[in-house]
Amino acid sequence: MPKRAPLEIAALLSDPLVSGGEPVARLNLKAAMARVRRQLQGIGRAARLRFVIANPEHLLNAVREFGPFDVLHFDGHGGKGELLLEDDIGEALPIDPGRLEAMFAPQGRPPAQVVFLSACHSASVARVFAGLGVRHVVAIDSEAAVLDVAAQAFAAHF
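Report on the accompanying structure. (Residues numbered from 1 in each chain as written. Predicted model: local features only at pLDDT ≥ 70, side-chain atom pairs only at ≥ 80, totals over all residues. Heavy atoms only, no water.)

Before going further, it helps to examine the sheet that holds strand E7 (residues 82–86). Backbone-to-backbone hydrogen bonds join strands into a sheet, with any given pair of strands oriented parallel or antiparallel. Strand order in the open sheet formed by 3 strands is E6-E7-E8, and the pairing between neighbours is antiparallel. A strand with exactly one partner marks an edge of an open sheet, and here the two such strands are strand E6 (77–79) and strand E8 (92–95). The mean angle between the axes of side-by-side strands here comes to 35 degrees, regardless of whether they run parallel or antiparallel. Note: E6 against E7, 3 bridges, orientation antiparallel. Pairing of Gly78 across the sheet is with Leu83, part of E7. Seen against the sheet, helix H3 (residues 97–104) touches E7 and E8 and runs at an angle of roughly 90 degrees to E8. (Pairing = 2+ DSSP bridges. Helix = DSSP H or I, 4+ residues; strand = E, 2+ residues; numbered from the N terminus. Axes fitted to C-alpha atoms, helices over the stretch in contact; angles between N-to-C directions. Contact = heavy atoms within 4.5 Å.)

Turning next to the sheet that holds strand E10 (residues 136–138). An order of E4-E1-E5-E9-E10 is seen for the 5 strands of this open sheet, with the pairing classed as parallel. Each edge of the open sheet carries a strand with a single partner, namely strand E4 (47–53) and E10. For this sheet, the mean angle separating the axes of adjacent strands, direction not counted, is 15 degrees. The sheet contact formed by strand E1 (residues 7–13) and strand E5 (residues 69–75) spans 5 bridges and is parallel. Bridging from a neighbouring strand, Ile9 pairs with Val71 of E5. Together, E1, E4 and E5 form the strand contacts of helix H2 (residues 56–66), whose direction differs from that of E4 by roughly 155 degrees.

This next bit is on the pattern of salt bridges. When the charged atoms of two side chains with opposite charge come close together, those side chains can pair. Inspection of the entire model under this criterion finds 4 salt bridges. With its nearest N and O atoms 3.8 Å apart, the salt bridge here joins Glu8 to Arg50. Taken together, the residues span a long stretch of sequence, with Glu8 in strand E1 and Arg50 in strand E4 at a distance of 42 residues. The shortest N-O distance in the salt bridge between Arg26 and Asp15 comes to 2.8 Å. In this pair, Arg26 sits in the loop between strand E3 (22–23) and helix H1 (29–41) while Asp15 sits in the loop between E1 and strand E2 (18–19), placing the two residues 11 residues apart along the sequence. The exposure class assigned to Asp15 is buried, which follows from its relative accessible area of 9%. What emerges from the salt-bridge pattern is a single network uniting Glu8, Arg48 and Arg50. (Salt bridge = Lys/Arg side-chain N within 4 Å of Asp/Glu carboxyl O. Buried < 20%, exposed > 50% of the residue type's maximum accessible area, 1.4 Å probe, protein only.)

As structure tokens, this is what we get:
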């Protein structure tokens, strides 16, 4: 039986401090990182996990250098029709579907086989990934917000 290649996983983490000068609810990304590591220990397959701070430069570099991924996991905030990345000083940086498409498909191929969007209202941008050829996209209803603890519980079981 041939040896299987390690799963390639990118975990994109975004936890901006402020948006428009107002504080943003903090996420427990340290717990999210620990959860992802724990879950990978139980899959019975080698995996290469890359944690990437979700600002445009880091994200583009990860997609270009290491993509495509088996799994692309975004853990952060979302709004209707956007994901919130962060800039270099912790300000929220809303990224709309057009910009998301440009960022995640610089080489004209799907960025991943599975995209998991753990962010409020993320179904509103899930179509971008499906349009890029991603086979499986998991997102939160575009009309719904979700508590961080609920998002973490779902991600642990997914």
